[in-house]
Amino acid sequence: MRTRAQEAALILGAALFTALLAQVALSVPGSPVPITGQTLAVVLTAAALGPGRGLAAQAAYLLLGAVGLPFFAKGASGWGALAGPTGGFLVGFLPAAFLVGLAARHGYDRRWWTAVPLFLAGQLLVLVIGVSWLHVKAGLDFTTAFQKGFFPFVPGGLLKAVIAGLVMPLAWRLARPRAP
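How each quantity is defined
- Residues numbered from 1 in each chain as written.
- Predicted model: local features only at pLDDT ≥ 70, side-chain atom pairs only at ≥ 80, totals over all residues.
- Heavy atoms only, no water.
- 1 Å grid on protein atoms, 1.4 Å probe; cavity = no way out; pocket = protein on both sides within 12 Å on 5 of 7 lines; lining within 4 Å.
- Points joined across faces, edges and corners; volume = space filled by probe spheres on them.
- Nonpolar A, V, L, I, M, F, W, Y, C, P; charged D, E, K, R; others polar.
- Salt bridge = Lys/Arg side-chain N within 4 Å of Asp/Glu carboxyl O.
- Helix = DSSP H or I, 4+ residues; strand = E, 2+ residues; numbered from the N terminus.
- Buried < 20%, exposed > 50% of the residue type's maximum accessible area, 1.4 Å probe, protein only.
- Core = buried A, V, L, I, M, F, W, Y, C linked by side-chain atoms within 4.5 Å.
- Contact = heavy atoms within 4.5 Å.

J.: For the layout of surface pockets, give the residues involved together with the corresponding values.
T.: Each pocket or cavity is described by its volume, and for the largest pocket that value is around 360 Å³. Around the largest pocket, the lining is made up of 23 residues, and of these Val33, Pro34, Thr36, Gln38 and Phe89 lie nearest the centre. Split into classes, the residues belonging to the lining of the largest pocket amount to 14 nonpolar, 7 polar and 2 charged.

Right, dumping it as structure tokens:
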């Protein structure tokens, strides 16, 4: 059984990993939303930590970035980042982490052929929430919001789902106790 300090360290570590991958960011012409590594961190940490700790890790990430740490893409921070046009993508990390963690608890992250679709679903959930938020906050019609906040991110989301879908089963295989 883990202590509270160990649990907190796991949650903080996952939040820091998300912050690290947020700095891997590429601008998308015509879109306020960059392509980042954040969603890769979201699905990997959620699968590793489960629904409760995965959700807590992303909540900690959002809170730490909101209070001023340069945790969001390209070192951004503050409540404005959460309330602005890209905030929906960040807020989407919460349900994505919970649902991916829940599915992982049932073993969907243990085999690549179930892990890849799971992680792709997590990526798509973030995009759907983000596009809806972008539509409202940026005052864009839904078609334009979809063109600026969804289509450019599908190839990267698929790539991140494949990477996570290959990494997690391997990690579980390496972490399995070996017979003496």
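Anyway, onward from the coordinates.
J.: Pulling in residues and values, what's your account of the pattern of salt bridges?
T.: Pairs can form between side chains of opposite charge once their charged atoms are near each other. Per the counting criterion, the structure on display carries 2 salt bridges. A salt bridge links Arg53 to Glu7; the shortest N-O distance between them is 3.2 Å. Here Arg53 is found in helix H2 (residues 38-66), whereas its partner Glu7 is found in helix H1 (residues 4-22), with 46 residues between them in sequence. On the basis of relative accessible area, Arg53 is assigned to the partly exposed category, the value being 21%. Residue Glu7 is classed as partly exposed on the basis of its relative accessible area, which comes to 23%.

J.: Which residues make up the nonpolar core, and what are the values?
T.: One finds Tyr61, Phe72, Leu90 and Phe119 to be the most contacted residues of the largest nonpolar core, which totals 41 residues. Listed by contribution, the elements that provide at least two residues to this core are H1, H2, helix H3 (79-83), helix H4 (87-91), helix H5 (93-105), helix H6 (112-137) and helix H8 (154-175). In terms of residues, this core owes the most to one element, H2, which gives 10 residues. The contact partners of Leu90, leaving out residues within four places of it in the chain, are Gln38, Tyr61, Leu62, Phe72, Ala81 and Leu82.

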